[in-house]
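Understanding the architecture of this molecule
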Amino acid sequence: MINNLMYIELKTGYSDDDPAWIGYVKTSKSKKTIYFNDHAFQKNIGNYANYIDIENGNKYWISGLKKEESNRHWAGHGKIMIDRRAVNEYLSLIGEKELPLNLFEVVDIEDRFPENIKETGRIEKYFEPFIGGGALFFYLMSNYDVKESFIYDINSELIVVYKTIQNNPKQLINLLNEIKDEFIPKEHDERKEFYLDIRKSFNENLFNFDFENYSSDFIERAAQIIFMNKTCFNGLFRVNKKGEFNVPFGKYKNPKIFDADNLMAASFALKNTKIVQGSFLESEKLIDENSLVYLDPPYRPLSKSSSFTSYSKFDFNDDDQIELAEYYKRISKIGAKAILSNSDPKNTDENDNFFDDLYCDFTIDRIQAPRMISCNGNERKPVNEILVRNF
């Protein structure tokens, strides 16, 4: 991995007054994936954004630093957040002795892994019971010596994709190529019809599909999922209570359906990983004192309107958050190192102590996330997330 100091600016939902950071990013050897603040970004073709967050679909501008002018667009305003560790290097770059605090805000963007792991670069057993997009998993597999790895998710469709990438990446790429070659030349209305046909087939096969036993059927279903994710509205994965995919067609001029190199790299990372469809509770029986556990559950919504993005038919409500906290306490007692991330309810209600009470026996860090609360333009403010640690 290559470690560079770069400029990162969120573009989705903003004009030129975007939230922005200067900090250290890690770039994969292929230079196609960038990691920053527990997020992974891949190349994106566009006029105003050149990278996309692989988990939430937000678009970003990521570039090297300018020496003699602002990194922001000339029409942009707002402070740029800069990693405290990067201040001296940045000042040396621009030839100044101190930062103009009216333009910058110094923040702490740091690696919060256990010291022994940072020192040795070795992880005996790694568990991620809510794998989702797997940004941290793929980062660790590329940068650390991970002896055993276990990933879980309640979403059976997501597990279909991971198992297919693990077992048959080349066949998956071939099928995606066929889909792409048929889809791309079509006009908008034909593309929409093609998308709806894929979605219909996907939903019709749901109730007869064998999710328990891996077979060649997984390849077609995984290809359908990846295709729909790249061509549906806003890159959402949303299903109804029956488990049927119900996201409408998106309007993209030239969507990138897949990245063959990235799929092959992901297959290599997953090669010896145990992949399980099931609740986070399934992982507990294998966790011991040599384990590092990262928990990234469905975030507790900051408002009623923000809860629609759930990616499975299974809700994750406050009772589930409480059950997860009890699980966290149990694995902590046996000596596992555990990190948990979630939304910070204090973003919208300073008196909401839900997580502070649940995790009062542990360290709770509040970190600024690379996104903003979407409210009216004059009141947008940075979003904090919580990071709970038992070490």
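Here, the structure is the one placed above.
Residues numbered from 1 in each chain as written. Predicted model: local features only at pLDDT ≥ 70, side-chain atom pairs only at ≥ 80, totals over all residues. Heavy atoms only, no water.

1. Some remarks on the pattern of salt bridges
The full count for this structure, using the stated rule, is 19 salt bridges. As a salt-bridge pair, D315 and K241 come within 3.0 Å of each other at their nearest N and O atoms. Placement of the pair is D315 in the loop between β12 (291-295) and α9 (318-333) and K241 in the loop between α7 (217-231) and α8 (260-270), with a sequence separation of 74 residues. By the burial criterion, D315 is exposed, and K241 matches it. A salt bridge links R366 to D344, with the shortest nitrogen-to-oxygen separation between them at 2.6 Å. Of this pair, R366 sits in strand β14 (residues 363-372) while D344 sits in the loop between β13 (337-343) and α10 (354-358), and the two are 22 residues apart along the sequence. On the basis of relative accessible area, R366 is assigned to the partly exposed category, the value being 33%. Here D344 falls in the buried class, since its relative accessible area comes to 2%. (Salt bridge = Lys/Arg side-chain N within 4 Å of Asp/Glu carboxyl O. Helix = DSSP H or I, 4+ residues; strand = E, 2+ residues; numbered from the N terminus. Buried < 20%, exposed > 50% of the residue type's maximum accessible area, 1.4 Å probe, protein only.)

2. Considerations on α9
For α9, built from 16 residues, the straight-helix expectation of 22 Å at 1.5 Å per residue is met to within 8% by its first-to-last C-alpha distance of 23 Å. Those residues of α9 lying buried are D320, Q321, L324, A325, Y327, Y328, I331 and S332. One face of α9 carries all of its buried residues, which in axial projection span an arc of 160 degrees. Exposed residues lying more than 90 degrees from the buried face of α9 are D319 and K333. Among the residues of α9, the N-terminal cap falls to N317, whose side-chain oxygen and the backbone nitrogen of D319 are separated by 3.0 Å. Looking one or two residues beyond α9, the residue adopting positive phi is G335, at roughly 100 degrees. (Expected span 1.5 Å × (residues − 1). Arc of directions from axis to C-beta. Polar contact = N/O pair within 3.5 Å; in protein donor to acceptor, adjacent residues only side chain to side chain.)

3. Focus: a negative patch on the surface
On the surface, a cluster of negative charge is made up of E187, D189, E190, E193 and D197. By secondary structure assignment, the location of D189 is in helix α6 (residues 188-204). Of the residues examined, D189 reaches a relative accessible area of 60% and is grouped as exposed. (Patch = residues over 30% accessible without salt bridge, like charges linked within 9 Å, V, L, I, M, F, W, Y side chains within 5 Å. Areas by Shrake-Rupley, 256 points an atom, 1.4 Å probe, with all protein chains shown as cover. Lys, Arg positive; Asp, Glu negative; His and termini not counted. Charge placed at Lys NZ, Arg CZ, Asp CG, Glu CD.)

These values are about where atoms sit, not about what they do.
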